[in-house]
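Listed here are the chains, written in short residue letters.
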Amino acid sequence: MINVIDQDKCIGCGTCFKSCSLDVFRLDTDQSKVSPCMAACPAGTDIRGYNALVQQGKLEEAAQKLRQANPFPGITGRICFHPCEKECARNAVDGAVNINAVEQFLGDLDLPEEQPAVRHTAKVAVVGSGPAGLSCACFMARMGYPVTVFEAAPRPGGMLRYGIPAYRLPDAVVEAHVARLEALGVSFRCNTRIGKGGDLTLGDLRRRGYKAFLLAPGTSLSRRIAIEGAELPGVLWGVEFLRAVRGDHAPTFSGHVVVVGGGDVAVDAAISAKRLGASSVSMVSLESEAELPAYPHNIADARDEGIDFQCGWGPVRVEGTDAVSGLAVKACLSVKDASGAFRPSFDEAQTRTIPADAVIFAIGQAADLDPFAEDVAITPRRTIETAAVTFETSRPDVFAAGDAASGPASAIQAIAGGREAAFSMDRYLRGGQILANRAAVRETVDKDRLPGEGVLLSPRNERAVTDAPGFGERRRGLDLHAVLAEGMRCMTCGAKARIAYNDDCMTCFTCELRCPAEAINVHPFKEPLPRTLEIHCED
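What counts as what
Residues numbered from 1 in each chain as written. Predicted model: local features only at pLDDT ≥ 70, side-chain atom pairs only at ≥ 80, totals over all residues. Heavy atoms only, no water. Buried < 20%, exposed > 50% of the residue type's maximum accessible area, 1.4 Å probe, protein only. Helix = DSSP H or I, 4+ residues; strand = E, 2+ residues; numbered from the N terminus. Arc of directions from axis to C-beta. Contact = heavy atoms within 4.5 Å. Axes fitted to C-alpha atoms, helices over the stretch in contact; angles between N-to-C directions. Parallel < 35°, antiparallel > 145°, perpendicular 65-115°, else oblique. Left-handed = near helix turned anticlockwise from the far one by under 90°. Nonpolar A, V, L, I, M, F, W, Y, C, P; charged D, E, K, R; others polar. Patch = residues over 30% accessible without salt bridge, like charges linked within 9 Å, V, L, I, M, F, W, Y side chains within 5 Å. Areas by Shrake-Rupley, 256 points an atom, 1.4 Å probe, with all protein chains shown as cover. Salt bridge = Lys/Arg side-chain N within 4 Å of Asp/Glu carboxyl O. Lys, Arg positive; Asp, Glu negative; His and termini not counted. Charge placed at Lys NZ, Arg CZ, Asp CG, Glu CD. Pairing = 2+ DSSP bridges.

- The name recorded for the protein chain in an unreviewed UniProt entry is 4Fe-4S ferredoxin-type domain-containing protein, from Bilophila wadsworthia.

Side note on unusual backbone geometry
So, point 1. A positive phi angle, near 35°, is found at His 82, a position not held by glycine.
So, point 2. Positive phi, normally seen in glycine, also occurs at Arg 382, with a value near 65°.

Digging into helix H14 (residues 296–304)
So, point 1. Of the residues making up H14, those classed as buried are Asn 298, Ile 299, Asp 301 and Ala 302. Down the axis of H14, the buried side of the element spans an arc of 155°, and every buried residue falls inside it. H14 presents Pro 296 and Asp 304 as exposed residues on the side facing more than 90 degrees away from its buried surface.
So, point 2. Elements that come into contact with the buried residues of H14 comprise helix H13 (264–275) and strand E11 (308–311).
So, point 3. Following H14 by one or two positions, Gly 306 adopts a phi angle in the positive range, close to 85°.

Here's the deal with the packing of helix H8 (residues 131–142) against helix H16 (residues 411–430)
So, point 1. Where H8 contacts H16, the two axes come as close as 7 Å, and the packing angle between them is 40°. The angle between H8 and H16 falls in the class oblique. The hand of the H8/H16 crossing is right-handed. On H16, the residues that touch Pro 131, Ala 132, Ser 135, Cys 136, Phe 139 and Met 140 of H8 are Ala 411, Ala 414, Ile 415, Gly 418, Arg 419, Ala 422, Phe 423, Met 425, Asp 426 and Leu 429.
So, point 2. Broken down by class, the residue content of the contact of H8 with H16 amounts to 12 nonpolar, two polar and two charged.

Overview of a negative patch on the surface
So, point 1. A cluster of acidic side chains, namely Glu 60, Glu 61, Asp 110 and Glu 113, defines a negative patch on the protein surface.
So, point 2. One can find Asp 110 in the loop between helix H7 (99–108) and strand E3 (123–127).

Re the sheet that holds strand E8 (residues 235–237)
So, point 1. What the five strands build is an open sheet, ordered E8-E15-E9-E10-E11; its pairing is parallel. Looking at the sheet topology across the chains shown, the edges are occupied by E8 and E11. Adjacent strand axes in the sheet meet at a mean angle of 20° when their direction is disregarded.
So, point 2. As defined by bridge partners, strand E10 (residues 280–285) adjoins E11 across four bridges and the pair is classed as parallel. Its bridge partner being in E11, Ser 285 is matched across the sheet by Cys 311.
So, point 3. Strands strand E9 (256–260), E10 and strand E15 (358–361) of the sheet are contacted by H13, whose axis makes an angle of about 165° with E10.

See below:
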């Protein structure tokens, strides 16, 4: 049997658990120090904990643990920029765990619906049904509040439904998560604009009994620049173009399309234009290829689609008389000044014209905050002014989260913001101190205590990329066997091994021999003789 596990030496890599054929060990993942992947996740998802459950084949329990911090893993598993993988300690062994793919698989599991448990009478209004609004609604409903989500568009989802192309995030995935919220008791009122000039104002909602509000209208407008030729037929703007694509009234293309911008919206616009019939598509960006702000995996997708990148050029004017014929550009020498501020400089003598049949400007996003300007303070950078950590606005009963409060960010950051705003709203409604015990950051496992050396090699499992026609989903999820294999690759950094079923040990010494930290000592005998037994030996 096993004599001892030296907890000071144990690094929680799980090698003992994975190598024991008689299932003697368990891993305790709830530790004071978090793994690097957990520290990198904006939502603080317990990646270590749910992967330990995957390793035991407890997939439903793993999915439930994942949903505690992030209620929409089927969405983020498809669109998240997965900063967790960049920090995964397994990078130093044979490649990061495919956390994003495991998340997608767990998010797509058909779990029992959460049951509503209304315990409060104070009604809550959420304005906007993007990731921040949906997240806040979910956590408020879990805490027992009656929640209504108001959405200006015909269907809920915000930018998840109307801003991200279906080849990355199908409608069915968004609808499944919305259905779970409805089962939890969340009500949706679509085609309803809130704010000055809308169908209802915040004052109207107060008179109807709503006690707390979350503003999460998102960044639903394109940033525009004054440029000669912008009025020509064939000039489009990124966010509105993507909304038209998702709203089934997209334009069609036949010739060459130029997309101006280097971010993720520009990438989505470029790929969408190609799938709408463009013979070729070029992306023109101020940034050099190494400085493109789009996430690397999205840039890789664009290259796979045959998108041409024209980096280091800025737009001068749209050419054409009755329709677009080209885009005049000039060389960009630098995007930022010496202080790091956005201030492009150009070589005015180095210009050229790129032939084009259509031009799509995707140079940034902005929020429509005019409807709320009389209710809350707006910052000079055109975001809703909020307090750090608590997401309070200038009005005590109004909170704000998502891109309208932070500026354009990722979906997982918006989900985390909506969750934290919900915690603040709950404390506000119950008369508690909103900021108490909110700023604590858990310490990360020390680098010299991360597993790596001595861990058995195991190749990373990748999702297959398909040639789905039109806007069919492009990236296929992992199957069960691949998910289990990927879960086993997780080294559960910072966990602690324990002896759960010592009576089952057959003293094979495998755990002791394979432990990279030399933390396990196995007793040489399966069953030592009882201390009370007298042994007589002849001289």
